Amino acid sequence: MMDRPKDGPLALLLLLLGHMISALEVPLDLPQPPTITHQSPKDYIVDPRENIVIHCEAKGKPHPSFSWTRNGMHFDIDKDPKVLMRPGSGTLVMDISGGERSEAYEGIYQCSAHNELGTAVSNSIVIRQSRSPLWSKERISPIIAQKGQSLILHCRPPAGLPPPIIFWMDNNFQRLPQSRRVSQALNGDLYFSNVQPEDSRSDYICYARFPHTQTIQQKQPISVRVLDMDSLNDTLADYLNDTDLFSDKPAEERAPVFMVPSESVSSKMVLRGEVLEMECVADGLPTPAVSWVKRNGEIPSGRASFLNFNKTLRIMDVSEADAGEYRCFAKNRHGSVHHSIRVTVNAAPYWISAPRNLVLAPKEMGIITCRAAGHPKPSIRWLVNGLPIEDAPKDPSRRVEEDTLIFSEVQTGSSAVYQCNASNLYGYLLSNAFVNILAEPPRVLTLPNIIYQVIRNKPALLECVVFGSPVPTITWFKDSRSSMLEGNAYVFHENGALEIHMSQPSNSGKYTCVARNNLGISENHVYLEVKEPTRILRPPEYQVVQRNRDVVFECKAKHDPSLVPTMTWLKDDRELPDDERFRVDSDRLTITDVTESDAGTYTCIMNTTLDQDSASAQLTVVEQPGVPTDLELTDPGARSVQLTWTPGDEHNSPIKKFLIQYEDALHQSGVWHNLTEVPGTKTTAHLKLSPYVHYSFRVLALNDVGFSHPSMPSRQFRTSPAAPDENPTEVKGHGTEHNNLVITWKPLTPLQANGPGLQYKVMWRQLDMEKDWTSVSVANVSKFVVSGTPTFVPYEVMVQALNDYGPGPKPSAVIGYSGEDFPSAAPGNVRILVLNSTLAEVHWSPVSLESVRGRLQGYKVHYSRERSLHRHNSHQGKQRTEIFSPNKTSGMLPDLLPYSVYSLRVTAFNGRGEGPSSVPQRFETPEGVPGTPSFFKVSAIDLDSLTLEWGPPHERNGRLSGYTFKYQTVNSKNDLGLLEELDLPSNQSSFTLHNLSHSTRYKFYISARTQRGSGPTLTEEAVTILDRAMVSPQVDIATQGWFIGLMSAIALLILILLIICFIKRNKGGKYPVKEKEDAHGDPEIQPMKEDDLTFGEYSDEDHKPLKGSRTPSSGTVKRDGSDDSLVDSGDTQFNEDGSFIGQYSGRSDRDATHDSSEPPSPVNAMNSIV
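Just so we're clear, the structure is a prediction, and the values are computed from it rather than from any experiment. (Residues numbered from 1 in each chain as written. Predicted model: local features only at pLDDT ≥ 70, side-chain atom pairs only at ≥ 80, totals over all residues. Heavy atoms only, no water.)

Chemist: I keep staring at the sheet that holds strand S16 (residues 190-192) and nothing clicks. Help me out?
Modeler: The strands that make up a sheet pair up through hydrogen bonds in the backbone, lying either parallel or antiparallel. The three strands lie next to each other as S13-S16-S15, forming an open sheet whose pairing is antiparallel. Sheet topology places strand S13 (151-153) and strand S15 (182-184) at the edges, where each strand pairs with a single neighbour. On average, adjacent strands in this sheet sit at an angle of 20 degrees to one another, irrespective of strand direction. (Pairing = 2+ DSSP bridges. Helix = DSSP H or I, 4+ residues; strand = E, 2+ residues; numbered from the N terminus. Axes fitted to C-alpha atoms, helices over the stretch in contact; angles between N-to-C directions.)

Okay, structure coming up:
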């Protein structure tokens, strides 16, 4: 072995260099020594019924050849025709289908793969045949055990390869039930901590299953009979004159004792990475409970599990930290016991740094390291091409320093495969690593133009796998080759990959990796696209829903628009049930007709090809509580019982209360009544009951959803009869006649009766007049009438309940009065004070108490209007009544009519009715202001005068003294002019106003007067006319039949004239009308007679008016001194009521604009139409 170099920095450099180079993979088209790619496990157990296949696959350039050793000697496969090697492979196939025994091929095999650059070897593979021997025949005697004793049923299966799996079953191939009391130990035996009579059976069968051959062997059945000595002695004593045949005492309760392990302290060794199993099985009565602790440490919760009802502690993937002392405790009420197990952990060799292939260029340096750990510490042995390195040819470029091979100034042709073997007492490790001497320019092995897609803020890893010897250096560029990537934003890995820690949209683009060594250069382009992350914006929400309702979970998400999303829903981290009730839409999950099984956690997952986001929500299905069950009555008393029950399922909604109902089968069968309520946390109630009831009880549970269905009724519980506990309520005494007293009460319910024969003892006596009570007993009634009583005197009244078992408690007396009679006297000294024409005040003297003959309830004043003081209105009015309280001796009579005669009488009244009336009194009301006149109208209209008529008021309310008449003008803007007022005598019913402006609107007012003043006002409006020919004040001729016919004839005539004019004009000649107009020298319009409503002849000149028009040739109408014009010249206007008052006016170019007025007239309307 060569000395370790003293140059520390050089050794460090070699170490780093070797680490870098070791990561290289040699392309298969380049020369390279063999590498084992697949081999059979070190310990290979084969099925004797199948061919034996021992795998050995390798790669290399040139492709390697294979050879085998068996038990350290060369294995010549050509000598055994049953052994074949697969073409191009080192895998051996041993054909045993011809009946050959696989035992003949057991041994230790090792494969070697050779080519001109070196030799790689496989592990030593131990071939063993699986064995499943039969159970040895044995006779098993029946086992008789005493109740309470411990018992062990031994299995003792035959040794197999690998060991069999043990289980206990009966003759029907059903697994025997196990518990804390009965369980199977790790060795397969069945342990009973104490036997019970139910353990008696004749088919305890132990089965062994051999996994490789998939065969099952069974032991002979074991019969176990458990004797109960107490029962047996008692039975035999009856036949043997009380003699105790079995003198042994039955097994008594006892403290625990360990059956396994049998000693107080035990030890266990386990290898690192394997499974540690420890068990403690205890005998005891009652059955002990087993628990585990680790002294000075904790049992690893993530890798440890407690099996077999806590009797077995299993720790997976054991590490050195699991070594130490473990204690198991067995405890029952009679004591406890513990056992200590000391665990040591050893380790077969395991890799710290396995050797890796090394590619070197000529003259380069490198190292191969082989570091392994174990307990005890493994030894390291080097081989080259399958031979111990010390026996191999010397290589000056190679130096061995314990677990490291150092190469320097390597030369072409020194390629080889090196094996490192690390071994200790518990196993070995063997690894191949080649040294390949190559001189190759760089080549990029990563495919070109790969597009990498990554989510924003996530790391991006761009690969650049290269090969070259010497090892190429790699540089990265983005978008262009102008500048090399560098800085903290990038991480450059030894294998050439470029990592971006936090990808941003600005990182998107084209990336180029360039590989260089002294033999050449190579480059590759890849692309990076940074996408927006997928995010759930509106996660599903927690839902509480009643059964059979629908529920909807919404899940709205956003994603990068260039990625295709997929929404997936899970229930409890599994696929949704295959049920049509589950409907998935784009962003929601709908579950219809929800059932209890639908409750759980629902998760929506939004997936894209790059990322996903998820959110979950809980669904709680609630419904009414389940029906309470197991109603039980305990602790019966004379008037109480204890009721207990078992609640039903809450169905995810806590029970708030229980409602207890009862049925009385004796008095009201089939009807359930509420008795009491108890909180939902209780399942018992102390019920207070009434005597003489046949009770049945039921319970209902209430939660937030509603009441459950009632439970099944309890058994019937009958209470004994007793005297009543209470008397009737609402006892009253009153009279219905002047000489009786009616006593009433609210009867007791059957539940209150407390027994049969319910009656009522009715008692009464006159207050302060009688000492003794008069009584009578009645049944099935709720009133009693006492006759012959004085009128309206106080009585003391009592009603007491009694039944066949005695009277109820002493009742309390109430005060009642006998019947009332009509009052016997009328109020006196009636006086009336008239306050005004509509209000009077009446006074009276109260009646005496003796005359009331009852309870005075008040006074009634009856009054009516007899007649009016005016001779024209003498009809009577309806009688009216005012009621006043008994403490009143006066009152107001409102809403009287003025100038009238009223009659009045006063009575007193009580509960029976009214007494006699007072002497009728008469009074008169003074005059008042009169009502509105009965009518008001315009009866005649002229150019400068208007005649108005009116009628006297229907309600004169006195002697009319006259009328007040007012009027004023109203212009087109509804502004009012100066108000004129006239006083007219009362006997006048019409009035004519003269010297009015023509074609002017006037507003008129009229009101009647008495000595008390004027009454309400009536109004009317009218317009004076422009021409007497248009006067028709009272008839609307537009609605007259003759007028409609005339207008139709005129329209027809005009139509004919128009047709003739049209024909004449087309011929170019003159027509008669035109000739006549030419003959007229005077352009003035001929006036129209009032009785001749004909029109002038037609003119074809637009500026000339029609003959017969009221408009002169100048187009103006003089106002006759009136300033208030209602119609502007040439315009069409309407009255306030919409009537047509305008006219048509033709104008010449020289016409000036003037105001004109005309009263509304159908003639004007027709002029406008024509």
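Chemist: Got a minute to help me understand the sheet that holds strand S57 (residues 629-634) in this structure?
Modeler: Taken in spatial order, the three strands make up an open sheet running S57-S58-S61, and their pairing is antiparallel. Pairing within the sheet leaves two strands with one partner each, and these edge strands are S57 and strand S61 (684-688). The mean angle between the axes of side-by-side strands here comes to 25 degrees, regardless of whether they run parallel or antiparallel.

Chemist: I keep staring at the state of the cysteines and nothing clicks. Help me out?
Modeler: Each disulfide consists of one covalent bond between the sulfur atoms belonging to two cysteines. Across all of its chains, the model carries six disulfides by this definition. One disulfide in the model links Cys56 with Cys111; its S-S distance is 2.0 Å. On the sign convention where negative means left-handed, the S-S torsion of about -75 degrees between Cys56 and Cys111 marks this disulfide as left-handed. With a gap of 55 residues between them, Cys56 in strand S4 (residues 56-61) and Cys111 in strand S9 (residues 107-115) connect regions that are remote in the sequence. This pair shows no difference in class: Cys56 is buried, exactly as Cys111 is. Here Cys555 engages in a disulfide with Cys604; their sulfurs sit 2.0 Å apart. On the sign convention where negative is left-handed, the bridge of Cys555 and Cys604, at about 55 degrees about the S-S bond, is right-handed. Highlighted residues: Cys555 in the loop between strand S49 (551-554) and strand S50 (556-558) and Cys604 in strand S55 (residues 600-607), separated in sequence by 49 residues. (Disulfide = S-S within 2.5 Å. Buried < 20%, exposed > 50% of the residue type's maximum accessible area, 1.4 Å probe, protein only.)

Chemist: Where do I start with the pattern of salt bridges in this structure?
Modeler: Note that side chains of opposite charge can pair when their charged atoms are close. Summed over the entire model, instances satisfying the criterion amount to 41 salt bridges. The closest approach of N and O atoms between Arg443 and Asp29, which form a salt bridge, is 3.0 Å. Remark: Asp29 occurs in the loop between helix H1 (8-21) and strand S1 (32-39) and Arg443 occurs in strand S38 (residues 440-444); sequence separation between them is 414 residues. Among the residues examined, Arg443 registers a relative accessible area of 25% and is labelled partly exposed. Judged by its relative accessible area of 47%, Asp29 falls in the partly exposed class. Across the salt bridge formed by Asp170 and Arg201, the nearest N and O atoms sit 3.5 Å from each other. With a gap of 31 residues between them, Asp170 in the loop between strand S14 (165-169) and S15 and Arg201 in strand S17 (residues 201-210) connect regions that are remote in the sequence. (Salt bridge = Lys/Arg side-chain N within 4 Å of Asp/Glu carboxyl O.)

Chemist: How should the packing of aromatic side chains be read in this particular structure?
Modeler: Aromatic ring pairs are reported here in terms of the distance separating the ring centres and the angle at which the planes meet. Here the structure, examined in full by the defined rule, presents 25 aromatic pairs. Aromatic pair Phe407 and Tyr418: ring centres 5.4 Å apart, planes at 65 degrees, arrangement edge-to-face. Taken together, the residues Phe407 in strand S35 (residues 404-407) and Tyr418 in strand S36 (residues 416-424) connect sequence positions eleven residues apart. Residue Phe407 shares its accessibility class with Tyr418, and that shared class is buried. Between Trp745 and Tyr760, the ring centres sit 5.6 Å apart and the planes meet at 50 degrees, which makes this aromatic pair tilted. (Phe/Tyr/Trp six-rings, centres within 6.5 Å; stacked < 30°, edge-to-face > 60°.)

Chemist: When you look at the UniProt feature "transmembrane region" (unreviewed entry) in the chain in this model, what are you seeing that I'm missing?
Modeler: Under the UniProt annotation, "transmembrane region" (unreviewed entry) lies at residues 1042-1063. Across residues 1042-1063, helical content stands at 100% and strand content at 0%; the span's end C-alpha atoms are separated by 32 Å. (UniProt positions renumbered as here; feature names shortened; annotations may be inferred.)

Chemist: I keep staring at empty space enclosed by the protein and nothing clicks. Help me out?
Modeler: By rolling a water-sized probe across the atoms, one finds the places where empty space is left. Inspection of the entire model under this criterion finds two cavities of 30 Å³ or more. Computed from the structure, the second largest cavity encloses a volume of approximately 30 Å³. As for the second largest cavity, its lining consists of Arg180, Ser193, Ala282, Thr287, Pro288, Val290 and Lys311. Classifying every residue of the lining of the second largest cavity by side-chain character gives three nonpolar, two polar and two charged. (1 Å grid on protein atoms, 1.4 Å probe; cavity = no way out; pocket = protein on both sides within 12 Å on 5 of 7 lines; lining within 4 Å. Points joined across faces, edges and corners; volume = space filled by probe spheres on them. Nonpolar A, V, L, I, M, F, W, Y, C, P; charged D, E, K, R; others polar.)

Chemist: Which parts of the structure should I look at to understand the side chain of Ser469?
Modeler: Here Ser469 lies in strand S41 (residues 466-469). A residue is classified by how much of its surface remains accessible, and Ser469, at 1% relative accessible area, is buried. From its side chain, Ser469 meets the backbone oxygen of Leu438 in a polar contact 2.6 Å long. Those residues in contact with Ser469 that sit more than four places away from it in its chain are Val359, Leu360, Ala361, Leu438, Ala439, Glu440, Asn517 and Leu519. (Polar contact = N/O pair within 3.5 Å; in protein donor to acceptor, adjacent residues only side chain to side chain. Contact = heavy atoms within 4.5 Å.)

Chemist: Help me out: how do you make sense of the environment of Met73 in this one?
Modeler: Within the secondary structure layout, Met73 lies in strand S6 (residues 73-74). For the pair formed by Met73 and Tyr109, sequence separation is 36 residues and the distance between their alpha carbons is 9.2 Å.

Chemist: Whenever I open this one, the nonpolar core confuses me. Can you help?
Modeler: The tendency in soluble globular proteins is for nonpolar side chains to be buried as a group. Ile54, Trp68, Phe75, Leu92, Met94 and Tyr109 are the most contacted members of the largest nonpolar core, which totals 28 residues. Every element with two or more residues in this core is listed here: strand S3 (52-54), S4, strand S5 (65-70), strand S8 (92-94), S9 and strand S11 (125-129). With three residues, the single largest contributor to this core is S9. Formed by 20 residues, the second largest nonpolar core is a distinct cluster that contains Leu943, Leu960, Leu984 and Ile1025. (Core = buried A, V, L, I, M, F, W, Y, C linked by side-chain atoms within 4.5 Å.)

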